[in-house]
Every structure is written in structure tokens, then in C-alpha cells.
Amino acid sequence: MATGVPRPVGATYRLQLGPAFTFDDAARHVPYLADLGVTHLYLSPVLEAVRGSTHGYDVTDPTTVRAELGGRKGLERLADAAHVDGLGLVIDIVPNHLGVGRPEQNPWWWDVLTHGRKSAFAHYYDIDWDPRNGAGGKLALPVLASGDDGAALTVDRSGPEPVLRYHDRTFPIGRDVGGGDPERVHYAQHYRLIPWDAPVRTYRRFFTVDDLAAVRVEDPEVFAATHAEIGSWFTDGIADGLRVDHPDGLADPSRYLRRLRELTGPGAWIVIEKILEPEEPLEPELPIAGTTGYDALREIGHALLDPAGEAGLSALHERWTGDDGDIHWNSGATLRLRDELAAHDLRPEFLRLARAIRRETGTTVPVDDLADAALFWMNEIPYYRDDYPVLEVDSARAHDRAVRAARSGGAVPGLAAALDAVVSARGLGGETAQRFAQLTGALTAKSLEDTAFYRSARLISQQEVGGAPSDFGPTDPHAAFARRAADWPAAMTTLSTHDTKRGEDVRARIGVLSQCPREWAAAVDDWMPRLPSPPDPMTGLFLLQTAFGVWPEDGAVSDALRARLHAYAEKAMREGRVGTSWTSPDGGFEAAGHAFLDALLDGPVGAAMGALVARLAPHGRSDSLAQKLLQLAGPGVPDVYQGTERWEDSLVDPDNRRPVDWSAADDSHPKQHLVRSVLQLRRERPGSFVGGSYRPLLAEGPAAGHLLGFQRGPHGGAPDVAALATRHSLRLERSGGWGGTRVDLGDDAWTDRLTGHVVTGRTAIQGLFLEHPVVLLVRE
């Protein structure tokens, strides 16, 4: 049990650590971050990872703080530096998996490869040792270029112990049969090197990433071994909170989080990376402060969209691609993706689940049929996993829909018997129930966020982690904000993370297109015939919106931006898997995409794009400031992702992990001025924010719908903070502005912390927004 007293978390600043930005580098920026107004530095994973890792999620030794960052002593120096300036630390942890792509760097994995099932660490990993696992009961490692590539194996006896080498990969020799035949040596090992594209995986992975092997933290011994260092951070007063990566991949997230709470103590701030569907509640019994904020990101972004733009953007997409670009979790296109994943990328996981069903029920239904039945049921589940108690009713409904469909004859012949077996096995609450729940999340993530979100270009700012692209509303976020204030007042909120598909300011600018769908459609219809044919029309539309989101306002496209756009285009095309993919790249398809992009950047269409950006970028900045104010002043604990206190044009990782230009800090910058003003106010009046009240603030008059505002205050006390933001500024500008629209602030005097202006009573909104499209009022 932790003995330190955690500092209350009021606002965080995410730092991406790596060899190029260490603990000592972070410590040098503590004074700036303290002045910005955050209460805590929020660190990316700090445990030992694959050497050179720029993200740290490939942990290789959870018992040690990463040497490349400065080791345990470096972490302690950073904590000391933070404490001097009144700040604390929140640290990202990765309980679901360890990095195994470089076995020699992971001592536990190396031992398992050496000794097989007799290894003291064999039960640490979720390994399938069944003789029917496709590798003769051995641990299959999918690393070979082909089935004939065993000739590339060599035995290296030059070191203290002989090792097996395959190009730049190294593996232990646990059974040395002698001689000089590498293939014979290989065959004698507890592992089996197989082709990377073989349909066999004998260990649970993080989604479909072969280099990340799942860890069985449900075992108390494994939990203790993997969390001893983490627990010491709280015992020794180093950390005040944790961000838990992907708990939905664990065997029992609820039990794990209860153990974690016991380890850290009752005062630690714990948030979990949990993607919630728009109507999905977070399990109220979890001993956490809430999620990491993808839900808040979605709610704020949708609140600034213009629902009237949906029809025009859908029509444009259908005109060029043949479909309206809408993405549903259970649409025909998404279900086909799920079928493909279950038949290929995730087939080993489905077959392992099927074998568990047979063991637990004794059924004689073939494993392939059981796998298909499991998928059939999963396709009725809209959530990452449905085994949380709060979802019991929804889970039962999904089960009933699957059973009715199977018995109606509309499903695969013979599926009813297989589904009965799945139902029986899942009802036992054992291995089947566990693997079923773990697999639904991987299936959902790979089909939606990692694939479908790259296959549509209706409005790509909506195609975000935790997003709901089919939803162009609601018209305001007040109901969601009020629920967060009441139920999860200390949950994290965010606008940008290391996982977002594009940065917050890029999304804000693209979102403006919902206010001018005709103008955008006319531009696209003019540009597309003037550019080289894209590899497919959807890719062309996707790249046009991406370019619009990051195009410099001065029109000067730098070589650096060009390179970043091409790197993004390659990733987007391969993630979408329409005509190319990571596993089967098509040079011709990708070349067409790059040629399309080059012509856009260099030709007359680029000039037209620049002119359109010049007209619309101010409204993108308006939305950027609006969403930032709504996040920072709204319910929850806001996180500022590194560098986003100023304008930023990041795209998907690794682009969003580029080094921060700390020299660019400037309090006169409108966004930084807003961030600093709100965060310092939060630190000044903490009771008005975390745990404080929330009350919508509505306008009256012809432009009332263009105001998003709310009041905050201490629980049980009068509101003393008001946040007002402009929305749909482009439509507002074209409809005549704020004339005749007022907001009633009561009899007290309120001071705008952004400008110093003092207002009271029924105030004309036009006067409030003279300098900025947002207002931060304080009742003095």
C-alpha cells in the first residue's frame, strides 16, 4: 500500500519522452509548465522499452525505469524539479503487453524462448501451448520472410552462449544439438520461427501487433512482478496518478483496477484509456477517476459542427465514390471488414477462442463453426467489450438479437448449434468469457478506427479515435457536460493525444467545411478533373481534406510539410487497405496517390487551395479557441498535449510525436494566452472546476444558437466563472453577426480574464467578442 499523499490533479500536460527528450530535458521545462498553469506533468511510459523506441509502449522490462530516459535516478530528479515548482507527476503504464520484437532485450521472453513451458516466466505470458496450436505445441514467432527462408538461419557461437540468428534478429538456443546445421538447431528449440504471413499465432497480441505479447496480469504473481516498480512511485512520493493503457485487453479489467487501487492507495488519480460509444456509460463501480477523454473529444468536436452540412458533404462523397461516406459500427461495409479480420488477421485468436469453447462445453461442433458463431454474436455488440455490469441489459439484447437471427435461418446454415455452444461456454464465466471479451475490442478497433476511418472522406475530422462519424450532432454538449460534472468530475478530458488521427487545430479547420458544404463541393468538383487521377476517388477526397487541414495560411508549402504529407498519405492508404496495405504494398496504387498529392502541392489547384484556406482559416482558428475553452473550463481534468497550447498542424503518429519547439512559447499568442488564462484560473479556484457545479448559459436573440456557454462554481455555491464560445462563425459572419443577441449575466460584475473588460447584466454579445471569439468571465 502506498504511503505518500498524492497532490490533487487539476490539469495535466502530456510529454512524449524518448531518447531525444529525457527526464532531464523535461525538468528544464518545468518552470514554463508551472507558469502555464498545469498541476501535473503527464509522462508517456517510462519503463524499460525497446532501445530507441520513440513512444515507450513496447516495454521490455517492467521492473526497471528506462535507462535511455535517465533511469530511476532521472525520474527522481524530474519529480524533485516538479515538486519545487508545485507540480506533480502522472505516469502512463502499459499492463496489457510487453515488447518482444527484440527477444534479447526482454529477459522474461528470452527465458521463455530458452526453456519453453518450464521457464519460470512461461505463465507470465498468454501463450497457447496446445499441441493443436498450429506450431506443434511450440511458441510460434512470425518473423520469416517466407516458408523457404529457413536457409537464412545461422548459429553464432562467438559469444558467451550460442544464439540463433536470422538477419538482424537474435534468438536463444535452449537445446543445443551441436553440429553446424542451423535448421536442425532451430527445430530442437521450444519456439518455431514461421513466415510472418502464416495464419498462426500462439500468443495473444495487442490487437494484431506481433511484436507486442500479452501479459497475464490477472495472475497475482504476474501482477506483483510487473507492478512492483509502479507501486514504489507512490510509496516514495514520485507519482500522484496513472494513465492505464488499454485495460479492455485484460482478462478482467475490473479486478485489475481494484488491485491497482490497492497498490497506489485511495488518493491516487487513475484514468483509463477506454473508448466509449456515444450512449455507452462507464462502469460506475470502477475505482478510477474516469477515462482519458476520447468521449470528451468527440462531444466537443461534434458540438462545433453544423448539422446542416451533412447532406451536402454526403452528396459530394456519393457523387465521386458511389456511397455517402457514412460510417456505422454495424454498417454493411464495416461488417464486411469484421468478417475479413476474423478470417485472416484475427483468425488465430478466433480459433483459440473456439478451442476454449470446445474444452469448456465438450461440444463436437467444428472449431471453424464455433469461431464463425462467436463472430456472429460479436457483430451485434457495439462496444469494445460488453461484460461490464452496467452493460448487462445491452449485452443481453445483443445476445438475443444474435440468437434470433441464427434461428431465423438467415444466418450461415448450422450456425444455431454453434451459437448455442458459444452461449453455454460464455455463461460459465471462464476462459471463453474472458477471451470473447478481449477479442471484441480488437475486432472493433481494427475494423473501425484502424481501417474504416481511412475508407471515407465525408468529413474526416469526425473520423477520430472514439469518434462517431455518422453523427453530425448534437447541437450542444450541455447534457454530456452535465453528466460528466455529476458522475465523473475528475475524469480526464482531451483534444489531442499520441493516438489521435490528426491534431486538434487540423480537425477544427476541417470541421468548418460543415458550414460551407456547397463551397467545398464546388472546389472539389473543379479540382479533381484538373489533378492526376488518384488511385481511387475516395483517396483523392481524403487527401484533399487532409491538405486543406494543414495548408499554411500564407500558402508557402515547405519541404518539411511536403515530406510529412507524403508520409501521411502512405500511412493512410495502407491503413485503409483499399488497393494497398502494410502487408501487401502496391507500388502503382501508392505512386498514384503521391502523384496526386504532388500535383496538388505544385500546380494551380494548390493556388486555389491556398485561396480557400485564406478565407476559411480564421473560422478554423475560431473553432480551435472555442473547443480549447470548452475543454479547459468544462467538467473534468483537462490535458494539454505537448505543443498544443499554440497552433499546431500534427497528423497521425509518428507525426504527432515531433519535437516541440519550446522557443516558440509566446504569451501574446492567442491560443497560448487562452490556455494560460484558463489553467491559471483553475489553479486559483480549484473548487469551481473539479467537483464544481455546471450550468448552461444561454443567449437570447437572433444569433442565440451561435453561443456555447456555461457557468461553473463551487459545489453548493453561486457560479463564479463563465465560459462563452462562438460556434458556426462562418455562418454567423454571413448572416449578419451578433446584432440584437444578448446574454444575461445577472447583477454582479464579471471580468474577462482574456481582455480585462468588465461587464454586467443583460450584455450584448457583440461587445463581448470584440477581440476574441471566446470569453472567460470571472465574478470577482
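The structure contained in this document is the topic of the report that follows. Bear in mind the structure is a predicted one, so any value in this text is a computation, not a measurement. Every chain begins its residue count from 1, and numbering advances along the sequence as written. In view of the model being predicted, local features appear only for residues whose pLDDT reaches at least 70, and side-chain atom pairs are presented and counted only at 80 or more, with totals across whole chains, interfaces and linings using the full set of residues. Heavy atoms from the whole structure form the basis of all side-chain values; hydrogens and water molecules are not counted.

### Observations regarding the packing of helix H17 (residues 504–511) against helix H22 (residues 604–633)
Here H17 crosses H22 at 125 degrees, and the two axes come no closer than 7 Å. Judged by the angle between their axes, H17 and H22 are oblique. For the element pair H17 and H22, the recorded crossing hand is right-handed. Listed contacts from H22 to Glu-504, Asp-505, Ala-508 and Arg-509 of H17 are Val-613, Ala-617, Gly-620, Asp-623, Ser-624, Gln-627 and Lys-628. Polarity classes work like this: nonpolar for Ala, Val, Leu, Ile, Met, Phe, Trp, Tyr, Cys and Pro, charged for Asp, Glu, Lys and Arg, and polar for all others, with Gly in that last group. Taken together, the residues that form the contact of H17 with H22 break down as three nonpolar, three polar and five charged. Lines fitted to C-alpha atoms define the axes, with helix axes restricted to the stretch in contact, and inter-axis angles between N-to-C directions lie between 0 and 180 degrees. Only DSSP runs of H or I covering at least 4 residues are called helices, and only runs of E covering at least 2 are called strands; the numbering of each starts at the N terminus. Under this scheme an angle from 65 to 115 degrees is roughly perpendicular, one under 35 degrees roughly parallel, and one over 145 degrees roughly antiparallel; angles in between are oblique. For any pair of crossing helices, the crossing counts as left-handed if the nearer helix is rotated counterclockwise from the farther one by less than a right angle, and right-handed if it is rotated clockwise. Throughout, a residue-residue contact means that at least one pair of heavy atoms, one from each residue, lies within 4.5 Å.

### Thoughts on the side chain of His-317
Residue position: His-317 is located in helix H9 (residues 310–321). Polar contact criterion, stated in full: a pair of N or O atoms within 3.5 Å, where within protein one must be able to donate a hydrogen and the other to accept it, and residues adjacent in sequence count only if both atoms are side-chain atoms. At 3.4 Å, the side chain of His-317 and the backbone nitrogen of Gly-325 are in polar contact.

### Let's talk about the side chain of Thr-539
On the secondary structure map, Thr-539 appears in helix H19 (residues 537–550). Not counting chain neighbours up to four residues away, the residues in contact with Thr-539 comprise Met-573 and Phe-589.

### Notes on the sheet that holds strand S6 (residues 97–99)
Reading across from one edge, S6-S13-S12 is the order of the three strands in this open sheet, with antiparallel pairing throughout. With one partner strand each, in any of the chains shown, S6 and strand S12 (205–206) form the two edges of the open sheet. Where S12 and strand S13 (residues 209–214) come together, two bridges link them in antiparallel fashion. Following the sheet pairing, Arg-205 is matched in S13 by Ala-213. Whether two strands pair comes down to DSSP finding at least two bridges between them.

### Section: the nonpolar core
For this analysis, a nonpolar core means a set of buried residues of the types Ala, Val, Leu, Ile, Met, Phe, Trp, Tyr and Cys, connected via side-chain atoms within 4.5 Å. Buried residues are those whose accessible area, probed at 1.4 Å on protein chains only, stays under 20% of the maximum for their type, while exposed residues exceed 50% and partly exposed ones sit between those limits. Leu-43, Trp-109, Tyr-125, Leu-139, Leu-141 and Trp-233 are the most contacted members of the largest nonpolar core, which totals 111 residues. Residue ranges for the domains originate in an automatic or database domain assignment. Viewed by domain, this core spans two of them, domain 1 (12–96 + 217–273) and domain 2 (103–214), each represented by three or more residues.

### A look at empty space enclosed by the protein
To locate leftover empty space, one rolls a probe as large as a water molecule over the atoms. As defined here, a cavity is a set of points on a 1 Å grid over the protein atoms alone where a 1.4 Å probe fits but cannot get out. A pocket is an open set with protein on both sides within 12 Å along at least five of seven lines, and residues line them when an atom is within 4 Å of a point. Grid points are joined across faces, edges and corners, and a volume is the space filled by probe spheres set on the points. In the structure shown here, the tally under the stated rule is eight cavities of 30 Å³ or more. Quantified by volume, the largest cavity comes out at close to 230 Å³. What lines the largest cavity is a set of 18 residues, and nearest its centre among them are Arg-204, Arg-205, Glu-349, Gln-438 and Leu-439. Looking at the lining of the largest cavity, the elements with two or more residues in it are S12, helix H11 (347–361) and helix H15 (431–447). By residue class, the composition of the lining of the largest cavity is eight nonpolar, four polar and six charged. Counted as a void, the second largest cavity has a volume near 180 Å³. Lining of the second largest cavity is provided by 16 residues; of these, Gly-301, His-302, Leu-305, Ser-461 and Arg-507 occupy positions nearest its centre.

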